[in-house]
Amino acid sequence: MAVIYINDLADERLAAYTRLTELELRCRLEPEKGIFIAESAKVIERALAAGYEPVSFLLGEKWLEPMAPLLGAYEEGGAHPEVPVFVAPMELMEQLTGFKVTRGALCAMRRPVLEDPAELLARTQARRVAVLEGIVDHTNVGAIFRSAAALNVDAILVSPSCCDPLYRRAVRVSMGTVFQVPWTRAGSNVREWPRAGVDALHDAGFTCAALALTDESVSLDDPALQEMDKLALFLGTEGTGLAERTVRACDLAVRIPMAHGVDSLNVAAASAVAFWQLCPHVSNGYHYEKGLFS
């Protein structure tokens, strides 16, 4: 790879890190032009392992040597185009507005074209799916992906109004697990929701369960839920939860039994509880990926 030393953030080659607007970084309508930023060595490692295409790397000086094995492994075999590795003094890196760069490793990557939900469900042979509706906090989305990866969720569908799982805060909070759990959007606009998600799941043989408080909701610990062959759990926005039309479109509603008069949990916390209860547990009780930056 071409290592290029940088002494000025005004360098046009750093535009992906210094000049792209938030809207451009979140580009979903033109994924072949869209770019997202991966932060930290571990996140970058997981993205590369998942096949994401880097546009460039930006490293603090002290990170060039630790990152060398990862960069070399990516370059091995000559199957990939040469990617520039920009290296800057740490004090210059700290001037990057909006980035937490104390770990000193950033990578601009291309957004993939998202799969059709039916194709994703068929390819992954999913049995347990999480569906995120209208979640607007990137921290919550990242935390849900991390729980989904840890607790054996096979795939995730996100609604058109859900925030971007590849936005840098979501990626960072997820610790790169957004690259490990297969996901896609269901529907290109809010008018297609929730039918786009529910129809795709029903066509694939899923029972759709809304995590919601209703008079007919069943308890999360109901044994019948675990016995369902294919189950999709719908999780709603932070303030009001799932829309009424979404709850009606699902096959049943599920509630988490709680004590002391508490009637709800943060959506990320609720997702972890539900995933643990409804997904197959890893047989040895522990599952982790060991990499260069574990």
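Residues numbered from 1 in each chain as written. Predicted model: local features only at pLDDT ≥ 70, side-chain atom pairs only at ≥ 80, totals over all residues. Heavy atoms only, no water.

Participant: Would you mind showing me how to read the packing of helix α3 (residues 41-49) against helix α4 (residues 64-75) here?
Facilitator: For any two helices packed against each other, one specifies the crossing angle of their axes together with the interaxial distance. Running from amino to carboxyl end, α3 crosses α4 at an angle of 15 degrees, the nearest separation of the two axes being 11 Å. Comparing their axes, α4 and α3 come out roughly parallel. Here the hand of the crossing between α3 and α4 comes out left-handed. Residues Ala 41, Ile 44, Glu 45 and Leu 48 of α3 form the contact with α4, whose own contacting residues are Met 67, Leu 70 and Tyr 74. (Axes fitted to C-alpha atoms, helices over the stretch in contact; angles between N-to-C directions. Helix = DSSP H or I, 4+ residues; strand = E, 2+ residues; numbered from the N terminus. Parallel < 35°, antiparallel > 145°, perpendicular 65-115°, else oblique. Left-handed = near helix turned anticlockwise from the far one by under 90°. Contact = heavy atoms within 4.5 Å.)

Participant: In this structure, what is going on with the sheet that holds strand β9 (residues 207-211)? I would like to understand it.
Facilitator: Backbone-to-backbone hydrogen bonds join strands into a sheet, with any given pair of strands oriented parallel or antiparallel. The sheet built from seven strands is open, its strands ordered β8-β7-β6-β11-β9-β12-β10 with parallel pairing. The sheet is open, and its two edges are formed by β8 (183-185) and β10 (218-219), each paired on a single side. Sheet topology places β9 next to strand β12 (residues 252-255); three bridges connect them, and they run parallel. Paired with Ala 209 across the strands is Leu 252, a residue of β12. Running over the sheet, helix α6 (residues 117-124) touches β6 (128-132), β7 (155-158) and β8 and is turned about 170 degrees from β7. (Pairing = 2+ DSSP bridges.)

Participant: Would you mind showing me how to read the side chain of Thr 184 here?
Facilitator: Relative to the helices and strands, Thr 184 resides in strand β8. Apart from the residues lying within four places of it in its own chain, the contact partners of Thr 184 are Leu 114, Glu 115, Asp 116, Pro 117, Leu 120, Ile 156, Leu 157 and Val 158.

Participant: Would you mind going over a nonpolar patch on the surface with me for this structure?
Facilitator: On the surface, Met 258, Val 262, Leu 265 and Val 273 cluster together into a nonpolar patch covering about 280 Å² of accessible area. Along the chain, the position of Met 258 falls in the loop between β12 and α12 (267-278). (Patch = residues over 30% accessible without salt bridge, like charges linked within 9 Å, V, L, I, M, F, W, Y side chains within 5 Å. Areas by Shrake-Rupley, 256 points an atom, 1.4 Å probe, with all protein chains shown as cover. Salt bridge = Lys/Arg side-chain N within 4 Å of Asp/Glu carboxyl O.)

Participant: Just to check I follow, could you spell out the confidence of the model for the chain for this structure?
Facilitator: Regions with low pLDDT carry predicted coordinates that are not meant to be interpreted in detail. Looking at the chain as a whole, its pLDDT mean stands at 87, while 87% of the residues score no less than 70. Below a pLDDT of 50 lies the segment residues 28-32, which in the model reaches seven contacts outside its immediate sequence neighbourhood of four places, other chains included. Low pLDDT, under 50, characterises residues 284-288; the stretch is placed with one contact to residues that sit more than four places away or in other chains. (pLDDT = per-residue confidence, 0-100.)

Participant: Would you explain the pairing of strand β5 (residues 105-110) in this entry?
Facilitator: The element β5 is largely enclosed, with a buried count of five among its six residues. Sheet analysis places strand β2 (residues 35-39) next to β5, joined by five bridges and oriented antiparallel. Across the sheet, residue Ile 37 finds its bridge partner in β5, namely Ala 108. Note that strand β3 (residues 54-60) and β5 share five bridges and pair antiparallel. The partner of Leu 58 across the bridge, within β5, is Leu 106. (Buried < 20%, exposed > 50% of the residue type's maximum accessible area, 1.4 Å probe, protein only.)

Participant: Would you explain the sheet that holds strand β1 (residues 3-5) in this entry?
Facilitator: Spatial strand order, β1-β4-β3-β5-β2: five strands in an open sheet with mixed pairing. Only two strands of the sheet have a single partner each, and these edge strands are β1 and β2. The average undirected angle you get between the axes of adjacent strands in this sheet is 20 degrees. Relative to β5, α3 is tilted by about 30 degrees, and along the sheet it contacts β2, β3 and β5. On top of the sheet, α4 reaches β1, β3 and β4 (85-88); it is set at about 165 degrees to β3, its chief contact.

Participant: Got a minute to help me understand the pattern of salt bridges in this structure?
Facilitator: Where charged atoms of side chains with opposite charge meet at close range, the side chains can pair. Applying the stated criterion to the full structure yields nine salt bridges. The salt bridge partner of Glu 39 is Arg 172, with a shortest N-O separation of 2.9 Å. Here the residue Glu 39 occupies a position in strand β2, and Arg 172 occupies one in helix α8 (residues 168-174), the gap between them amounting to 133 residues. On the basis of relative accessibility, which here comes to 3%, the residue Glu 39 falls in the buried class. A relative accessible area of 24% means that Arg 172 is categorised as partly exposed. Its salt-bridge partner being Glu 115, residue Arg 123 comes within 2.8 Å of it at the nearest N-O pair.

Participant: When you look at the pairing of strand β11 (residues 231-235) in this model, what are you seeing that I'm missing?
Facilitator: For a regular strand, side-chain orientation follows a simple rule: the groups alternate between the two sheet faces. Of all five residues in β11, five are buried; the element is thus mostly enclosed. Where burial is concerned, the two faces of β11 agree: the one with Leu 231, Leu 233 and Leu 235 and the one with Ala 232 and Phe 234 are both buried. In this sheet, β11 lies alongside β6 in parallel orientation, the contact comprising five bridges. Looking at the pairing, Ala 130 lines up with Leu 233 of β11. One ladder, built from four bridges, connects β9 with β11; its direction is parallel. Looking across to β11, one finds that Ala 210 is bridged to Phe 234.

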